[in-house]
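Here's the letter readout for the chains.
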Amino acid sequence: MNKKESKKTTKKIDAAKYLELIKEALLIRRVEETFLELFSQGKLNGTVHTCVGQEFSAVAFAGQLDENDIIFSNHRCHGHYISFTKDHHGLIAELMGKEIGVCGGVGSSQHLCNKNFYSNGIQGGIVPVSAGMALAKKLEKKGQIGLVFIGDGTLGEGVVYETMNIISKWEIPLLIVCENNYYAQSTHTSVNLAGDIIKRAEAFGIKSFKSATSEVDQLIPNALESIEYVRKECKPAFHLVDTYRLVPHSKGDDNRDKEEIERYARLDPINIFKAANPDIYNEILTGIDEKIKKVVLSIEQEELLSLEKYYDRIVEDEHINWEPVEAINKRQVELLNEFFDDSMGADEKTVFLGEDILSPYGGAFKVAKNLSTKYPDRLFSTPISEAAITGIANGLALAGFKPYLEIMFGDFITLSLDQIINHASKFYHMYLKQVACPVVIRTAMGGRRGYGPTHSQTLDKFLVGIDNVTTIALNTLLNPKRISASIDKDKHPVIVIENKTDYGKKIAQKLPVNYNVEVSDGTYPIVRARPLTSTPTATIVTYGGMVEPVFESIEELFTELDLKVEVIVLTKIHPIDFKPIMDSVALTKKLFIVEEGSSFAGVGSEIIATVSEHKDEDIITRRISALPVPIPSAKQLEEWILPNSATVIKKIGEALS
Amino acid sequence: MSILQEISVPQETVNDEFATVAEKYFENGDKVEHGETLIDIETSKAVVAIEAEKAGFIEYFCEEGDDVSVGDTIIKIYDSVPAPSKETEIEDLTAPAKSASAVETIYSKKALALLSESDIEKSSFTGHDFVSVHDVRALLSPEPKQESVIEERRTPVVEPDIKTDKVDLEKLSTQKRIEIKYLSQVQSSGLTSTINIYVDIEGIFQFVNKHMEVFKNSLMPIIIYETARLLSKHRDLNAYFAGENIAYYKEVNIGIAVDIDDGLKVLKLPGTDNKSLKEIETEILDLSNKYLDRKLTLDDISGTTFTITDLSSEGVDFFVPLVNKEQSAILGVSSIDEKLKRCVLTLTFDHRVMAGKQASIFLGELKIRIESYDLAKDEDKANELLKLRQSERCGVCMKTLEDDEELQGIGLIKILDHSGIEKKICMVCLSRF
Ligand SMILES: Cc1ncc(C[n+]2csc(CCOP(=O)(O)OP(=O)(O)O)c2C)c(N)n1
């Protein structure tokens with residue numbers, strides 16, 4: 001700790017205020033020590049990370065925010081939670097796994113949510129999310145800010161720097177508080193951290209502050225100064241807080257030098273207060289302990305959360321009405337652009353983010369054309385930082401906005417996956433349905449443009465089966481506006497897969513002869529193409545960019561193979577509405593899935609598995625898909641790799657011979 | 001091209017939500033003049049004629065017979081000929097086939113090969129979308145059914161706990177109980193299905209009324225006549241489910257269900273497939289008289305192989321008939337919709353004997369056969385010819401064409417007389433010159 005720096009602060013805090021702070025810090029300490037005891041008694045679930053020794057960081061920052069500010073914390077969050085919400089009861093019940101816990105026992109120690117307080121156990125990922133929430137605050141113009149706590153170890157995460165760059169550029173009112181306790185789990189900072197922490201923030205032009213929990217006199221006014229800077233200037237700041245954890249990282253994982261721990265224990269403000277004022281200390285302690293004891297006793301009697309309250313079974317529509325598909329003499333991309341124009345015009349909460357989306361360029365596929373000129377405040381053309389912008393979109397969604405994020409090429413969505421899987425997907429359930437995350441992530445997939453291995457893949461298989469995330473594949477049979485209207489109303493995350501070669505096509509122009517092509521009336525409609533009068537004898541399920549190749553194969557499948565196929569085109573590829581597929585297969589006993597990605601562990605596998613689980617008869621099945629190699633640029637080679645109408649006919653022929 | 005006038009369905013009567021397009025006076029693209037009647041719209045109270053307020057080129061957005069809602073755009077008048085819009089074209093493609101002949105049948109290669117070897121005409125598949133080799137085979141030799149034996153389900157007779165203070169009990173007549181037993185045989189399997197088809201009757205009665213002496217304005221004789229002929233081809237409908245077998249009748253004995261005074265009876269027309277239309281009419285008359293005089297013999301009401309039931313005089317729009325015992329199907333005839341000039345034929349069939357497909361093919365063929373009696377056009381021609389034959393005369397002996405035929409002449413010859421006037425002359429007078 002650097003004496004010279006801390007002396008800069010001149011404001012002192014008065015005795016009464018100091019006593020308040022000590023009380024709060026001691027409450028945090030005793031609650032956490034209770035956790036350690038309960039843990040030893042087997043009354044806690046999982047693990048706990050306590051902040052014993054670091055309480056004053058919580059008191060100084062979380063304790064001094066306005067209740068309408070938002071705060072995002074990490075795995076070591078109990079102190080932050082108590083200081084911000086003053087709700088130790090909900091916290092204890094949560095860790096004891098009870099229904100009355102702040103998240104019904106689902107989140108436990110690392111995943112808390114109460115009004116504007118959030119925490120998550122993923123290092124780094126919370127930084128862009130909190131930036132998104134702070135951006136929401138900025139857009140609402142009510143002078144509220146965001147604050148995020150990270151540890152020194154988390155400075156190893158790249159997304160932290162992507163976010164620093166963005167918050168600085170976009171002037172997002174976010175205060176990053178870095179609690180430097182010199183250890184990441186069991187590893188000393190010096191092992192993994194190069195250079196200087198403060199300089200990292202300053203390199204992005206972010207104003208930085210530095211304090212220490214051992215110097216409460218300076219820490220408290222310093223913390224307030226940084227909070228007020230962020231609020232008044234509407235700019236980000238970085239506050240490095242030197243501190244020390246007096247107990248293990250979680251439980252029994254401490255190999256630190258005993259002497260080192262003792263040295264820091266002597267600097268601990270609570271210990272110093274205790275030594276100086278033993279009587280007052282003991283009086284406060286007794287009061288706190290009695291309070292905690294009572295709370296624990298009463299919580300022990302409480303119920304566990306029932307499965308029904310946590311898990312909602314997905315129910316499929318039993319009754320489907322079908323109506324003819326509607327041909328539209330407009331290109332898919334035009335309709336998408338119109339949709340965004342309309343919804344941004346109609347709803348102030350709709351925001352659009354993505355790389356290179358400023359006009360006149362308007363995005364790699366021009367979906368965002370002219371939006372930046374019409375809605376300059378709500379269109380964010382971002383740096384090349386997929387992870388951070390996905391996190392920011394998540395944060396906006398959590399804070400009540402409807403963010404549409406464009407990922408330029410589908411292949412790049414892998415960089416967003418932490419945000420999709422560990423954040424967007426989990427928020428709703430792990431925070432016990434107190435909040436939802438209606439983020440929409442759109443991306444263009446598909447080959448046939450010669451873009452080569454990293455710009456052509458259809459990797460929808462990595463985007464299905466994510467809990468609580470709906471995955472949509474647009475096609476050229478349906479007006480994308482109709483699907484988008486449902487997406488717009490969805491309160492949960494939606495991933496939209498668009499197809500590069502479909503953007504330029506008009507809607508429902510090429511339909512098979514002697515077929516009824518109809519669309520269902522569900523939220524995410526299904527298209528069914530069946531012969532006008534004949535009973536179908538084979539079922540093809542497909543989606544996205546494979547619709548046209550499949551339609552092109554229909555006539556030959558009939559003339560050559562005598563197959564009267566029924567084609568089912570899914571829009572929602574996760575979760576899948578199986579009824580139309582089941583009904584069709586019951587008639588035809590033949591099920592072929594046509595997908596543009598490679599088949600192993602993909603959508604086709606899942607459809608075939610599910611249908612097999614529900615049907616006793618023998619069914620002929622095949623997955624028709626790309627070969628399992630990266631997609632080559634060379635045109636002819638690419639054509640050989642990707643499935644087309646000829647592949648469909650050939651593979652089905654083989655399956656039946 | 002710009003729109004000069006847009007016409008929507010007027011709110012003629014406050015109560016009507018929709019009206020029906022009665023008549024369109026032009027074709028799309030026709031030139032219309034100011035004040036010309038374009039369309040008749042029928043509301044519940046009146047027929048309203050709508051006139052053009054501008055001269056221009058017309059496009060209709062409705063068809064005759066369509067129900068249109070008040071406020072719907074039905075006509076636009078343009079300053080130049082409107083190009084057919086792409087959207088309508090595509091919609092047409094996906095719309096269900098309006099009439100059987102509108103569908104252009106697609107044949108698989110194997111189907112075509114098999115067709116060329118067999119004596120089946122392609123016309124057997126009119127109205128089909130796709131004809132596969134299986135479809136052709138099915139027509140060549142209907143596959144024997146391999147239905148599993150289904151135990152006749154007996155409805156357990158539960159004597160309900162009847163409170164006689166609440167209801168009056170009346171015993172079922174013997175006849176009713178027999179009827180229930182007969183109808184239960186097939187229906188209790190629960191495996192019957194029913195299909196319907198519209199038959200256009202435009203012009204059919206002109207034929208019927210000319211050829212039938214008593215059964216004027218009735219479709220029954222031709223329905224019986226045509227059904228009988230089809231039954232010898234569609235054996236599944238002239239058969240019944242018999243445990244592990246299907247029993248195919250060797251004769252076609254159509255039964256007609258009558259229920260006038262003396263309860264429901266099914267009267268047999270033996271060997272129906274060999275009877276002429278006239279014979280059928282006479283037989284129905286005889287049987288009906290016997291029924292009314294209560295002189296029916298056992299033979300008159302037993303041994304039918306297929307039943308037709310006619311509720312057309314009862315004003316029903318459509319009904320589901322029940323299959324008689326030891327039969328596999330029954331045809332129901334509903335009332336004629338005078339406005340739409342059509343009626344509904346309904347076929348209930350035993351799914352253990354045939355599938356919906358065979359039944360549909362049968363019904364579809366029956367429809368086509370009945371509709372082919374529309375002789376309106378031929379009739380007009382005949383009348384014209386008759387007039388001609390009675391009015392054209394030999395300019396010399398004044399005999400008519402008709403007289404000439406009777407005298408075995410060769411007809412009339414056209415000549416030019418000396419003043420250059422065209423005249424007709426018969427062979428006899430000509431040879432005298
Ligand atoms: C993305 C991710 N990687 C690894 C972990 C496992 N983990 C939990 S806490 C922790 C150490 C974090 O160190 P630091 O950021 O310094 O915070 P401290 O624990 O010191 O408060 C690690 C590696 C995690 N939770 N998330």
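### As for the overall build of chain B
Logical step 1: Looking only at helices and strands, chain B has eleven helices and 20 strands in total.
Logical step 2: Looking at chain B as a whole, 37% of its 433 residues are labelled buried.
Logical step 3: Partitioning the contacts of chain B with sequence separation of at least 6, the portion at a separation of at least 24 is 58%.
Logical step 4: Here chain B has roughly 25,700 Å² of accessible surface; of this, 51% comes from carbon and sulfur atoms.

### Things to note about the pairing of strand β8 (residues 207-212) of chain A
All names here are of chain A.
Logical step 1: Note that β8 and strand β9 (residues 237-242) share six bridges and pair parallel. Paired with Ala-212 across the two strands is Asp-242, which belongs to β9.
Logical step 2: Regarding topology, helix α10 (residues 216-233) serves as the crossover connection from β8 to the parallel β9, and that connection is right-handed.

### What to know about the interface of chain A and chain B
Logical step 1: Contact with chain A, which involves 21 residues of that partner, is made by 26 residues of chain B.
Logical step 2: Both faces considered, chain A and chain B share a buried interface measuring about 2,000 Å² in area, 56% of it formed by carbon and sulfur atoms.
Logical step 3: Remark: the boundary between chain A and chain B carries two salt bridges.
Logical step 4: As a salt-bridge pair, B:Asp135 and A:Lys564 come within 2.5 Å of each other at their nearest N and O atoms.

### Examining the sheet that holds strand β20 (residues 527-531) of chain A
All names here are of chain A.
Logical step 1: With respect to topology, seven strands assemble into an open sheet ordered β10-β19-β20-β22-β21-β24-β25, the strand pairing being mixed. In this open sheet, the two edge strands, each paired with only one partner strand, are β10 (322-324) and β25 (620-626). For this sheet the average axis-to-axis angle between neighbouring strands, irrespective of direction, equals 25°.
Logical step 2: Lying on the sheet, helix α20 (residues 547-561) is in contact with β19 (515-520), β20, β21 (538-543), β22 (565-570) and β24 (590-598); it crosses β22 at an angle near 175°.

### Looking at helix α3 (residues 133-140) of chain B
All names here are of chain B.
Logical step 1: Listed in full, the buried residues belonging to α3 are Val-133, Asp-135 and Val-136. On an axial view of α3, the arc spanned by its buried residues comes to 160°, and they lie on one face.
Logical step 2: Elements that come into contact with the buried residues of α3 comprise α2 (109-117), β10 (130-131) and α8 (356-371).

### Comments concerning the environment of A:Ile624
Residue and element names in this part refer to chain A.
Logical step 1: Here Ile-624 shows up in strand β25.
Logical step 2: Taking the C-alpha atoms as reference points, Ile-624 and Val-594, separated by 30 residues in sequence, lie 4.7 Å from one another.
Logical step 3: Leave out the neighbours within four places in its chain, and Ile-624 touches Phe-592, Ile-593, Val-594, Glu-595, Pro-643, Thr-647, Val-648, Lys-651 and Ile-652.

### Notes on α8(B)
Residues and elements named next belong to chain B.
Logical step 1: The terminal C-alpha atoms of α8 lie 22 Å apart, and with 16 residues this matches the ideal 22 Å at 1.5 Å per residue to within 8%.
Logical step 2: Among all positions in α8, only Ala-359, Ile-361, Phe-362, Leu-363, Gly-364, Glu-365, Leu-366, Lys-367 and Ile-370 are buried.
Logical step 3: The elements touched by buried residues of α8 are β11 (192-200), α5 (204-211), α6 (220-233), β17 (329-337) and β18 (342-350).

### Regarding the nonpolar core
Logical step 1: Judged by nonpolar contacts, the single largest core of 149 residues is most densely connected at A:Phe72, A:Phe238, A:Ile540, A:Leu570, A:Ile581, A:Leu591 and A:Ile607.
Logical step 2: Within the second largest apolar cluster, 58 residues are counted, among which are A:Leu26, A:Phe56, A:Leu95 and A:Ile284.

### Notes on the sheet that holds strand β14 (residues 402-407) of chain A
Residues and elements named next belong to chain A.
Logical step 1: Reading across the sheet, the seven strands line up as β13-β12-β14-β15-β17-β16-β23 and stay open at both edges, with mixed pairing between neighbours. The sheet is open, and its two edges are formed by β13 (379-382) and β23 (572-574), each paired on a single side. Taken over all neighbouring pairs, the strand axes of this sheet differ in orientation by 20° on average, direction set aside.
Logical step 2: Sheet topology places strand β16 (residues 470-473) next to β23; two bridges connect them, and they run antiparallel. Each bridged residue has a counterpart across the sheet, and for Thr-471 the counterpart in β23 is His-574.

### Some points on the site of the ligand
Residues and elements named next belong to chain A.
Logical step 1: Taken together, 15 residues lie around the ligand, and His-75, Arg-76, Gly-153, Thr-154 and Tyr-183 are the ones closest in.
Logical step 2: Between Gly-121 and the ligand, the recorded distance is 2.8 Å, taken from a backbone N or O atom to a nitrogen atom.
Logical step 3: Asp-152 is positioned such that a nitrogen or oxygen atom in its backbone is 3.3 Å from an oxygen atom of the ligand.
Logical step 4: Of the residues contributing to the shell around the ligand, the split by class is three nonpolar, nine polar and three charged.

### Observations regarding the packing of aromatic side chains
Logical step 1: Taken as a whole and assessed by the stated rule, the structure comprises 24 aromatic pairs over all chains.
Logical step 2: Among the aromatic residues, those joined into a cluster by ring pairs are A:Phe365, A:Phe409, A:Phe412, A:Tyr451 and A:Tyr503.
Logical step 3: In this arrangement the basic side chain of A:Arg528 is found over the ring face of A:Trp322, its NZ or CZ atom lying 4.1 Å from the centre.
Logical step 4: Taking NZ or CZ as reference, B:Lys31 lies 5.5 Å from the ring centre of B:Phe57, over its face.

### Quick word on a nonpolar patch on the surface
Logical step 1: Residues B:Ile410, B:Met427, B:Val428 and B:Leu430 make up a contiguous nonpolar surface patch of roughly 350 Å² in combined accessible area.
Logical step 2: Its location among the elements puts B:Leu430 in helix α11 (residues 427-432).

### Topic: the environment of A:Phe56
Logical step 1: Among the secondary structure elements, A:Phe56 is positioned in helix α3 (residues 55-61).
Logical step 2: For the pair A:Phe56 and A:Leu21, spaced 35 residues apart in sequence, the C-alpha to C-alpha distance is 8.0 Å.

### Quick look at the packing of helix α12 (residues 269-276) of chain A against helix α13 (residues 278-300) of chain A
All names here are of chain A.
Logical step 1: Between α12 and α13, whose axes approach to 5 Å, the crossing angle comes to 120°. It follows from the interaxial angle that α12 and α13 lie oblique. Contact with α12, carried on its side by Ile-270, Phe-273, Lys-274, Ala-275 and Ala-276, involves Pro-278, Ile-280, Tyr-281 and Ile-284 of α13 and no other residues of that element.
Logical step 2: When grouped by side-chain class, the residues that make up the contact of α12 with α13 number eight nonpolar, no polar and one charged.

### Here's the deal with the layout of surface pockets
Remark: the empty space left among the atoms is shown by a probe the size of a water molecule rolled over them.
Residues and elements named next belong to chain A.
Logical step 1: If you add up the space inside the second largest pocket, you get close to 1,300 Å³.
Logical step 2: Lining the second largest pocket are 42 residues, and of these Ile-314, Thr-470, Lys-572, His-574 and Pro-575 lie nearest its centre.
Logical step 3: For the lining of the second largest pocket, the element with the highest residue contribution is helix α18 (residues 417-430), accounting for five residues.
Logical step 4: Among the residues forming the lining of the second largest pocket, the class breakdown is 19 nonpolar, eleven polar and twelve charged.

### Regarding the pairing of β19(A)
Residues and elements named next belong to chain A.
Logical step 1: Of all six residues in β19, six are buried; the element is thus mostly enclosed.
Logical step 2: Alternating residues of β19 divide into Tyr-515, Val-517 and Val-519 and Asn-516, Glu-518 and Ser-520, and every residue in both groups is buried.
Logical step 3: Of the pairings in the sheet, the one linking β10 to β19 comprises three bridges and is antiparallel in character. By the bridge assignment for β19, Glu-323 is matched with Val-519.
Logical step 4: Bridging between β19 and β20 involves five bridges; their strand directions are antiparallel.

### Remarks on the packing of helix α2 (residues 15-40) of chain A against helix α4 (residues 78-85) of chain A
Residues and elements named next belong to chain A.
Logical step 1: Running from N to C, α2 and α4 point in directions that differ by 135°, and their axes come no closer than 10 Å. With respect to each other, α2 and α4 are oriented oblique. Crossing of α2 over α4 shows right-handed handedness. Of the residues in α4, those in contact with Glu-24, Leu-27, Ile-28, Val-31, Glu-32 and Phe-35 of α2 are His-78, Gly-79, Ile-82 and Ser-83.
Logical step 2: Broken down by class, the residue content of the contact of α2 with α4 amounts to five nonpolar, three polar and two charged.

### Considering the confidence of the model for chain A
Logical step 1: Residue-level pLDDT values for chain A average 95, and 98% of them are 70 or greater.
Logical step 2: Contacts for the low-pLDDT stretch residues 1-10 of chain A, under 50 throughout, to residues beyond four places or in other chains number eleven contacts.

### Looking at the side chain of A:Asp502
Logical step 1: Turning to its location among the elements, A:Asp502 is positioned in the loop between β17 (494-499) and β18 (506-507).
Logical step 2: Leaving out residues up to four positions away in the same chain, A:Asp502 has contacts with A:Gln332, A:Asn475, A:Thr476, A:Gly544 and A:Gly545.

### Describing the side chain of A:Thr243
All names here are of chain A.
Logical step 1: Locating Thr-243 in the fold gives a position in the loop between β9 and α11 (258-267).
Logical step 2: Relative accessible area serves as the criterion here: at 3%, Thr-243 is assigned to the buried category.
Logical step 3: Separated by 3.0 Å, the side chains of Thr-243 and Thr-213 make a polar contact.
Logical step 4: Those residues in contact with Thr-243 that lie beyond four places of it in its chain are Gly-53, Gln-54, Glu-179, Asn-180, Asn-181, Tyr-182 and Thr-213.

Each value, and the rule that gives it
Residues numbered from 1 in each chain as written. Chains lettered and ligands numbered in written order. Predicted model: local features only at pLDDT ≥ 70, side-chain atom pairs only at ≥ 80, totals over all residues. Heavy atoms only, no water. Helix = DSSP H or I, 4+ residues; strand = E, 2+ residues; numbered from the N terminus. Buried < 20%, exposed > 50% of the residue type's maximum accessible area, 1.4 Å probe, protein only. Contact = heavy atoms within 4.5 Å. Areas by Shrake-Rupley, 256 points an atom, 1.4 Å probe, with all protein chains shown as cover. Pairing = 2+ DSSP bridges. Right-handed = clockwise from strand over helix to strand, strands pointing away. Buried area = accessible area lost by both parts, 1.4 Å probe. Salt bridge = Lys/Arg side-chain N within 4 Å of Asp/Glu carboxyl O. Axes fitted to C-alpha atoms, helices over the stretch in contact; angles between N-to-C directions. Arc of directions from axis to C-beta. Expected span 1.5 Å × (residues − 1). Core = buried A, V, L, I, M, F, W, Y, C linked by side-chain atoms within 4.5 Å. Near = heavy atom within 4 Å. Polar contact = N/O pair within 3.5 Å; in protein donor to acceptor, adjacent residues only side chain to side chain. Nonpolar A, V, L, I, M, F, W, Y, C, P; charged D, E, K, R; others polar. Phe/Tyr/Trp six-rings, centres within 6.5 Å; stacked < 30°, edge-to-face > 60°. Lys NZ or Arg CZ within 6 Å of the ring centre and 35° of its normal. Patch = residues over 30% accessible without salt bridge, like charges linked within 9 Å, V, L, I, M, F, W, Y side chains within 5 Å. Parallel < 35°, antiparallel > 145°, perpendicular 65-115°, else oblique. 1 Å grid on protein atoms, 1.4 Å probe; cavity = no way out; pocket = protein on both sides within 12 Å on 5 of 7 lines; lining within 4 Å. Points joined across faces, edges and corners; volume = space filled by probe spheres on them. Left-handed = near helix turned anticlockwise from the far one by under 90°. pLDDT = per-residue confidence, 0-100.

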